[in-house]
Amino acid sequence: MRILWPVLCVWLLSSAAHAQAASFTAGADYSTGDYGADEDTDIIFVPVSARLRWENVSVRISVPYLSVDGPGDVIPGDGTPIVTDRCASIQFTRPVLFERFCQTEENTASGDDGQSSGLGDIVVAASYALPADITGDFGITFEGRVKLPTADVDAALGTGKTDFTVVVDAAWYGSTITPFVTLGYRIFGDPTFTDDLGDFTVDLENGFTTSAGLTLPIGDSTALTFAYDYLQKSVDTADNIHELYGAITAPLNDVWGITAYGVAGLTDASADVALGVSLRYRFGG
């Protein structure tokens, strides 16, 4: 994995010259919540991404920087934290693993504040939009995403496994207000940790994700987006995730745009609140 990022950079630079359109985005996201545990987990997520498009096909690469402060039961994932409950599972049965991965009052008092930071898992996505002469006023896009295990497992920044997500997006552009719906399915790799007693594997559950909402224009180029998001639980002991999402998107000039958003969690497995902002630069068609 050490050579993966330089290889992606070389490919990105060589492909950008031949793409019909390209955009580059940088953002910052802060989320906090207890995710059903006794202590909160705070996550700062700073992704930098590039998207290239050739007619109806696009490819996106996202590289995040992460900072995580929490007990260790929650690991950042592809845009949504993954509840693993690994610390609750090994607290009394695997003390060496618990001391290695999990935050306790004892090691907080000894100077370990439970915070870690570094490179997150790189995400590569490819999508295909059905031609407009087939879909009419509807827009239908199919996307596949791969989360590569580039984050530090020992620092609880990633699971150390490759995850896959397939998504279908549909939107209707026949009126001023644009309703949309998304259906996805997540396939997790099960993280494995080892001590002198052997391997311990967290069995993560694959599951569906859905989102439904609408985009409402205000003014010539500014738009509001509201959505309800659902993600199926990743472990038996957690709840399904239900969230409300709101965002405003506005252009800064012909090539720069900004999006600010907020998320409110509705279940214990959700973040209590998340706030974020992103800047986008685009060129081409």
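The rules behind each value
- Residues numbered from 1 in each chain as written.
- Predicted model: local features only at pLDDT ≥ 70, side-chain atom pairs only at ≥ 80, totals over all residues.
- Heavy atoms only, no water.
- Helix = DSSP H or I, 4+ residues; strand = E, 2+ residues; numbered from the N terminus.
- Buried < 20%, exposed > 50% of the residue type's maximum accessible area, 1.4 Å probe, protein only.
- Contact = heavy atoms within 4.5 Å.
- Areas by Shrake-Rupley, 256 points an atom, 1.4 Å probe, with all protein chains shown as cover.
- Pairing = 2+ DSSP bridges.
- Patch = residues over 30% accessible without salt bridge, like charges linked within 9 Å, V, L, I, M, F, W, Y side chains within 5 Å.
- Salt bridge = Lys/Arg side-chain N within 4 Å of Asp/Glu carboxyl O.
- Lys, Arg positive; Asp, Glu negative; His and termini not counted.
- Charge placed at Lys NZ, Arg CZ, Asp CG, Glu CD.
- Phe/Tyr/Trp six-rings, centres within 6.5 Å; stacked < 30°, edge-to-face > 60°.

A. Summary view of the overall build of the chain. Scanning the chain for helices and strands turns up five helices and 17 strands. Counting all 285 residues of the chain, 42% fall into the buried class. Contacts in the chain between residues far apart in sequence, at least 24 positions, make up 55% of those at least 6 positions apart. In the form shown here, the chain has an accessible surface area of approximately 14,600 Å², with 59% of it arising from carbon and sulfur atoms.

B. Representation of the pairing of strand E11 (residues 192-195) in the model. Here E11 shows one buried face, formed by Phe-193 and Asp-195, and one open face, formed by Thr-192 and Thr-194. By the bridge criterion, four bridges tie E11 to strand E12 (residues 198-201) in an arrangement that is antiparallel. Within the sheet, the bridge partner assigned to Thr-192 lies in E12 and is Thr-201. Hairpin connection between E11 and E12: a loop of two residues separates the two successive antiparallel strands.

C. A look at a negative patch on the surface. On the surface, Asp-38, Glu-39, Asp-40, Asp-239, Asp-268 and Asp-272 cluster together into a patch of negative charge. Tracing the sequence through the fold places Glu-39 in the loop between strand E1 (21-33) and strand E2 (41-54).

D. Quick look at the packing of aromatic side chains. Within the structure shown, the criterion is met by three aromatic pairs. The interplanar angle of 55° and the centroid separation of 5.1 Å between the aromatic rings of Trp-256 and Tyr-281 together place this pair among those described as tilted. Here Tyr-281 lies in strand E17 (residues 273-284) and Trp-256 lies in strand E16 (residues 256-265), a separation of 25 residues in the sequence.

E. Focus on unusual backbone geometry. Residue Glu-55 is not a glycine yet carries a positive backbone phi of 50°. Mapped onto the elements, Glu-55 comes out in the loop between E2 and strand E3 (57-69). Not every positive phi belongs to a glycine, and Ala-156 is a case in point at roughly 60°. Of note, Ala-156 is situated in the loop between strand E8 (138-147) and strand E9 (163-172). The exposure class assigned to Ala-156 is buried, which follows from its relative accessible area of 9%.

F. Quick peek at the pattern of salt bridges. Scanning the model with the defined rule gives four salt bridges in all. One continuous salt-bridge network, built from bridges that share partners, spans Asp-78, Glu-143 and Arg-145.

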